[in-house]
Every structure is written in structure tokens, then in C-alpha cells.
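Understanding the architecture of this molecule
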Amino acid sequence: PRVGTVPPLAETEERAPLFDPEATVLITGATGGIGALIARHLVSEHGARHLLLASRSGEKAEGAKELRDELQDLGAEVTIAACDVADKGQLEELLAAIPDEHPLDAVIHAAGALDDGTIESLDPGQIERVFAPKANAAWHLHELTAEMKLSAFFLFSSIAATFGSPGQGNYAAANSFLDALAARRRAEGLPGTSIAWGLWETQGGMSSQLGEVDLTRIRRSGIEPLSDQRGLAFFDLALAVENPLALAVSLDPAGLRARAAAGILPSILRGIVRLPTQRRQASAGFLGAKLADLPEAEHETYVLDLVRAEVAAVLGHDSSSAIEPSRAFKDLGFDSLAAVELRNRLGASTGLQLAPTVVFDYPNATALAGYLLAEASAGGMAARVAVKAQATDEPIAIVGMACRYPGGIGSPEDLWRLVTEGRDAIAGFPEDRGWDLQRLYDPDPERQGTSYAREGGFLEAPSHFDADFFGIGRREATAMDPQQRLLLEAGWEALEDAGVDPASLRGTPAGVFAGVMHHDYANGSTPPLELEGYMATGMSGSIVSGRLAYTLGLEGPAMTIDTACSSSLVALHLASQALRGGECSLALAGGVTVIATPTVFTEFSRQRGLAADGRCKSFSDSADGVGWAEGVGVLVLERLSDAEANGHPILATIRGSAVNQDGASNGLTAPNGPSQERVIRQALANARLAPQDIDAVEAHGTGTTLGDPIEAGALLATYGQDRERPLKLGTVKSNLGHTQAAAGVAGVIKTVMAMREGVLPKTLHVDAPSSKVDWEAGAIELLTEAEP
């Protein structure tokens, strides 16, 4: 159930019924720690005399025979059976063997297993290993006993399903199924109670499958481990509850208050633990108040010591001296759960509102301490960012555009029709590239050499090329990377769109700036001997831009840019700078990607970075990875004054742009929020604009669970502040997929068309805004519907 529909917590009164001494009680998972504890309790305290104890190992389980002997000494008849209760056939045989003189009267389903992981990292095997003994077995018990007249049917669930438990997506879901099954049985007039247990101290329970760091994290969250005595007392209370769900958990008020102060207390507990309003307000700046009492020379040391102490606590170290200030959190052993906990602890200990991605933004103790110090000081970090505008503010005019993208898109007008109609261009893997499609796809993300996605955004017939038109021989054309061919065609078409005769540019200082990141054409194959002498230029990345410049006879700069997914935007930036600097009179700028081999799919499958359905769910709560695609886009650029003098159509102008690098972050490919903020502010300064001047942003928005929240955080911190109207946010990746080196220019073409048509198209596949983004931190709205 949604948290909002959970009924208020209420205590129950002790009114435990006795078990029929002549009937059989079945306990699953019975040779585990809690199952064995319950078995002893039923015999010694509730008069149970016929027990059927089922587990996968049966009598081979450690301590099983000793348990049977102990229970028999107490006067019970005990059968210990080896049965996988997730196997319906085995369970049916087990129930059929119960003697008629001692019919089954009560079921206690205590079986379970852990195989933890965050939702985005879970594989089907992990889900099955947890669901089978929990959910599948519970359903089999329900079906096979539905016609029996049972007096009790107890399901041992977990508070992970009620409160949520970081890193236990599969376990929480499986236990939620138990809670729902109990409610269904009650609705059908059958006995059913799901007991959502907290952490037990007993050996052999679920706690024994957790590491010490996990146990410490649970204790700090306000959940105290249950002693055996208290757990059994809770069980007795649960025997008589009228609701189908009972919580058996010991709560630590101090831990709950700390979570409430950090703003992370589950809503179901907020009626139990509340902070006084004045206390919450006073805590907002309590780090700043503490610093005010210290000499300024001691501020940095105090905050760094605070951060190191919290890091040490999260990682389970006895002393903060174990935390090297300059070492990346990732190298210290942080995972996503530890990063969230550190953010929560620092929020509670400083009173600052910290972004969910703060540990990725500031990747070591020194950097994080510097950020906290700046935030606690007047003005915060944002006020300290100094930017210097570029020397000239003359806008660069876009006078021509051309593109080819998936879905049969052959022009900017085609692209516009696709986005305004709310369609995506994602389809199955192409059959014309020699890929072994039967072997390539496997839903198992662990299977090497395969992809668990089998859809993407692909061009129609990228190998088609009119070599004669460009005066290129057959053998040379065959050896040319399709990316060269596509850029050549798109560059020609863009010039025609600008009203420029391509032949008229021969001998002029026009430039070519082309983004390219793939160089795998003909990789893994042996080219025919007749192509020798052509492959070197056909496969060279530098020739992608050089081919266009050579064919048209251009004498300005010609460069191929590979900055991965930003390549076409960096090409646009460099072209604009070259125009402003007088290095060229006209520039062709853009990017091209053709996926010649499926390597990008197999690589990202191993990294769990792909969307299984091939679609980028940008900024959505359902975002599950990137969807790869391909395409080409080219812009024709001139200085605004030249475009006006030459009578060329001015489709849009570029007021400013900027480039930087993430610098040190938590991993080579991990994005960095503060660096993104800085590049935004630099671009605005170069454009002589304020953040409030911007009405809409065409985002990167790959649909990944880390990249999207970091990008959204940077946008909220810059464009989202001090606004009368919310900034509108969208991305063309939801339509095309991630077209890689051609992605940025696709967003530019879409935005130019949107400005000319007066419509901001909707972004697809947004079921709900991402819960990993603090949308309340600024005024930004996702374009889930088209708007003027």
C-alpha cells in the first residue's frame, strides 16, 4: 500500500488464544533462529502438541535434531521435514502426509532469505532468491489450505515493507506481498495475519545475514533489536489482533528524533515522534551558530573534523583518524546507501538542507567540509562563484539546419512532427548490420557478450550513400565510416537550408567542427584486399571533419571533437568562439553517431546502465537507464552582423556558451553537480543574461538514476531560484533515445523549432517526477504536457 493509506499505529491488548493440542501446527523456515524460537514457545506456552517443522534442509539443518529432542522432552510430537515450500508440488506432498487424526489447524510462515541490492542494481536472480521462499511459498500455502478450516494463518513479514528499507528493494516488495495476502484472506473470510517484524537479536534470524555496518545503520535509524523475550511477547499480542497487519518493532525515540530533524522520518511514524516547531526552526542554522562562537581560524578544522567523524561513523570506524581527508569517498568504501546515510547524518548534525547527491558533488571529506562551511556562512557557495564574461557579446546566428535521426527523420521539420505528436522513435535492433541478433539478446544482465535491451533508436539504411554526387570512387566510399558519409550529406543539406551554394565556399575561411565518439566501423572484420589503402582515411576520426572540409574546399579550422555525449555541443561552442575570434567567416557545427557494432549495448549491460525497453525516462521516477540511439545534426553558423549583411535566414541566435570538466568526483565517469552549476553560470555570464531570463531548458536527461538527479540539482540551484514563473524542463531524448555525439545538436534543433513554432513539446515517459530530486529546492516544472 502507499504510505499515505497505512492506518494509524495503535497498540493491541493481550488476548492470546490457545492452539488446539490435538491439531497440527505447520511452521516453515522452522530450523532457522526465529522459527525454532517460535516452535519452543508454542509448545511451552501455548500447549501445541503436534508440530510439523519444514525447512529446505530438514533434519540436516544445524541444530535440527537437538530442537526435535528438546520439543519432545516438553511433550510434543515433532516431525522435521525437508521441503522447499516455494515448490508447490513438494508442499502439496508435505500437507497430504499430515495424519487425519491430527489435521492441520495453524500455519506460521517464517521462511525467508536476503539478497540485498538497490532497485536499479537488482537482477532477476536476486529477485527470485528472495521472492521464492517469501512470496511464492506464501501463495502456495494460501491456495493449498484455502479449503481447510484453519484457526490461524500467520505470515512473518518485515518492517522493510512498511517503513521502507534502503538497499532491500526485493525484500521489501516480497514482504509487502505477504501483507497484501493477509488482507486478502481476511476479506475472503479466512484467517490471516501478517506480522511485520523489526530486527531480532536472535542468532540464525535475518539479522545474521546482515553485516555489522548494516546492523549499525539500522540501529541508528531508530530501530532497536528485539530481544527473544520481547519478540515472543509481541508474537503473543499479534495472535489476537483484529487487523490483518501487525507491527512488531521496538523503536528508539532518540534515533527517530534524529531522523525527524533530518527530514527523513517515514510518514507513518510522524505521529509518534514530532519535533517542536521552535526546535526545527532553531536547528536550521545551528552550524553557523556554532561557527560564530569559534575564532575564524578554527572554522575549517572544526567542519572537517565534523565531516570525518560522520564518515567514520557511517563506515564503522572507531576513530575519524582513519578517514584521509583527500581520499575519494568511493575509494573509502562508500556505496549509494552509505552516501545517503552520510547526507542524512550531516543534515541532522548541521541543520543544513543538503541535496541527495551532495556526496557525489563533493567527493572527499575536504571538499564536502568546504561546501558545508560555505553554506553555513552568509551567502553560501553560490555567491562565491566568480565568472568572467567573454570579451565580445555579439550573438552567433544559426542560419541553416539539417539532420537525420531515428524514426525516418530526414529534416528538422520531420523531427518537429515527431516531438509535437508525442511519439518516440525506438525500435528493435537493426537487421542490416551483421549483428548476431539471436545470440546478442539475453535478459540476464550477467551474461557476458549480450545485451538485456533489444531496442534503441536506429537510422534507416545509414549505409546508403550517393558517392557519385560527391565525386568519390566506389572502393573509397565502401571504406568510409558511415559517420563520414552522413556528416557530408547533412553538411551539404544544412548549407542549402541556409540558402548557401556549397560550391561557393571553396577557398573561403569557413570551418567545420564535428562531434564524433564512435570509431568501430569494420572492427572485428577483415576488409577485402581491394580496400587496402583506403581504410586508414576511412576509419580515422580526424577525417570525419576533414572529409567535409576537403570536399567543399574549406580553408578555415576543421576539427573532430570527442568529448563523449557532449561532443556536438562542444563543437558548437568551439565554432562560436572561432567565429567571434575571426578564425572563420562561416562554420558548420554538429555531431554524428552510427552504432556500427553492438559494443555500447553489451558494455552498458554489464554496468546495469541500460533501460531494458530502450527508452530514456528522463527525470522520471521510473528512470532505469539510458536508451542508445544514433543520428546526425549540422548547424550553419555566422556572426549575426554577417548573417544580416548576407541576407541569410536567422533561425535563432546563440548568446553565450561555456565548457568545463567535472574535475575530481566519485569515479571517472561520475558527474559532478557543482561543476555543472559553474558551467551554467559561466554560459549565462558570457551571454550577459541572468538565470531568471531563461524560460526553458532543453536538458541532457539521459534517464539514469545518478545523472538525472545531479543535473536537476544543478538546474535547481541556478535557474530555479528567485523566479516568478517556474522554469520549464524537457529533453528530446525521451523521443529519440540518447543519440550520443549527435545528442546535443538534436536538442538545439528541437529548441530552435520550438521557438519558431511557439510551443514547448512534452517530454515522454514521465510517470512521476524523480523522487531522487528535491524539486522543492527551486521552481522547475517538467514538461509532461505541451505548453505555449
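Below or above, wherever it landed, is the structure these notes cover. All values derive from a computational prediction rather than experimental measurement.

Rules used throughout
Residues numbered from 1 in each chain as written. Predicted model: local features only at pLDDT ≥ 70, side-chain atom pairs only at ≥ 80, totals over all residues. Heavy atoms only, no water. Helix = DSSP H or I, 4+ residues; strand = E, 2+ residues; numbered from the N terminus. Polar contact = N/O pair within 3.5 Å; in protein donor to acceptor, adjacent residues only side chain to side chain. Contact = heavy atoms within 4.5 Å. Patch = residues over 30% accessible without salt bridge, like charges linked within 9 Å, V, L, I, M, F, W, Y side chains within 5 Å. Areas by Shrake-Rupley, 256 points an atom, 1.4 Å probe, with all protein chains shown as cover. Salt bridge = Lys/Arg side-chain N within 4 Å of Asp/Glu carboxyl O. Lys, Arg positive; Asp, Glu negative; His and termini not counted. Charge placed at Lys NZ, Arg CZ, Asp CG, Glu CD. Core = buried A, V, L, I, M, F, W, Y, C linked by side-chain atoms within 4.5 Å. Buried < 20%, exposed > 50% of the residue type's maximum accessible area, 1.4 Å probe, protein only. Axes fitted to C-alpha atoms, helices over the stretch in contact; angles between N-to-C directions. Parallel < 35°, antiparallel > 145°, perpendicular 65-115°, else oblique. Nonpolar A, V, L, I, M, F, W, Y, C, P; charged D, E, K, R; others polar. Pairing = 2+ DSSP bridges. Left-handed = near helix turned anticlockwise from the far one by under 90°. Expected span 1.5 Å × (residues − 1).

Structural notes on the side chain of Gln-740
- Assignment of secondary structure puts Gln-740 in the loop between α28 (733-736) and α29 (743-757).
- Separated by 2.9 Å, the side chain of Gln-740 and the backbone oxygen of Ala-629 make a polar contact.
- When neighbours within four sequence positions are excluded, Gln-740 is seen to be in contact with Met-517, His-518, Cys-565, Thr-593, Ile-595, Val-600, Trp-628 and Ala-629.

Overview of a negative patch on the surface
- A surface patch of like charges, here negative, comprises Glu-62, Glu-66, Asp-69 and Asp-73.
- Mapping Glu-66 onto the fold places it in helix α2 (residues 64-73).

Things to note about the nonpolar core
- Counting residues in hydrophobic clusters, the biggest one holds 39 residues, and the most contacted among them are Leu-53 and Phe-156.
- Ranked by residue count, the leading element in this core is helix α1 (residues 33-46), at seven residues.
- Setting aside chain neighbours within four positions, we find Leu-53 in contact with Ile-27, Ala-30, Ala-39, Leu-67, Leu-71, Val-78, Thr-79, Ile-80 and Ala-81.
- By size, the runner-up hydrophobic cluster in this structure holds 38 residues, among which are Ala-467, Ile-472, Val-544 and Leu-552.

Notes on the packing of helix α17 (residues 412-420) against α29
- Contact geometry for α17 and α29: axes closest at 10 Å, N-to-C directions at 80°. On the basis of their axis angle, the class for α17 and α29 is roughly perpendicular. Mapping the contact onto sequence places Pro-412, Glu-413, Leu-415 and Trp-416 in α17 and Ala-746, Ile-749, Lys-750, Met-753, Ala-754 and Glu-757 in α29.
- Tallied by class, the residues present in the contact of α17 with α29 amount to seven nonpolar, no polar and three charged.

Remarks on the pattern of salt bridges
- Counted according to the given criterion, the structure contains 24 salt bridges.
- One salt bridge connects Asp-624 with Lys-617, and the closest N-O pair in it is separated by 3.0 Å.
- Overall, the relative accessible area of 33% leaves Asp-624 in the partly exposed class.
- Between Glu-781 and Lys-728 there is a salt bridge, with the nearest N and O atoms lying 2.7 Å from each other. Of this pair, Glu-781 sits in strand β20 (residues 780-782) while Lys-728 sits in strand β19 (residues 727-730), and the two are 53 residues apart along the sequence.
- Taking the relative accessible area as the measure of exposure, Lys-728 reaches 15% and is therefore buried.

Some points on the sheet that holds strand β17 (residues 652-654)
- Pairing in this open sheet of six strands is mixed, and the strands run β14-β13-β15-β16-β10-β17 from one edge to the other. Among the strands making up the open sheet, the edge pair consists of β14 (558-561) and β17. Within the sheet, the average angular offset between the axes of one strand and its neighbour, ignoring direction, is 25°.
- Two elements, strand β10 (residues 396-404) and strand β16 (residues 631-639), share eight bridges in a ladder whose sense is antiparallel. Considered in β16, the bridge of Ala-402 is made with Val-634.

A word on the packing of helix α26 (residues 673-687) against helix α27 (residues 707-718)
- Running from N to C, α26 and α27 point in directions that differ by 45°, and their axes come no closer than 9 Å. In this view, α26 runs oblique relative to α27, as classed from their interaxial angle. The interaxial crossing formed by α26 with α27 has right-handed handedness. Contact residues: α26 offers Gly-673, Gln-676, Glu-677, Ile-680 and Arg-681, while α27 offers Ile-710, Glu-711, Ala-714, Leu-715, Ala-717 and Thr-718.
- Looking at the contact of α26 with α27, its residues break down into five nonpolar, three polar and three charged.

Observations concerning helix α14 (residues 336-350)
- Look at α14: 21 Å from first C-alpha to last across 15 residues, which is about the 21 Å you get at 1.5 Å a residue.
- For α14, the full list of buried residues reads Leu-337, Ala-338, Ala-339, Glu-341, Leu-342, Asn-344, Leu-346, Gly-347, Ser-349 and Thr-350.
- Directly beyond the C-terminal end of α14, a positive phi value near 75° is found at Gly-351.

Quick look at the sheet that holds strand β18 (residues 696-698)
- Ordered by their spatial adjacency, three strands build an open sheet running β18-β19-β20, and the pairing between neighbours is parallel. A single partner strand is all that each edge strand has here, and the edge strands are β18 and β20. Shown here is a sheet whose adjacent strand axes are inclined to one another by a mean of 25°, direction ignored.
- Summarising the sheet, β18 and β19 pair through three bridges and their orientation is parallel. Of the residues in β19, the one forming a bridge with Ala-696 is Lys-728.

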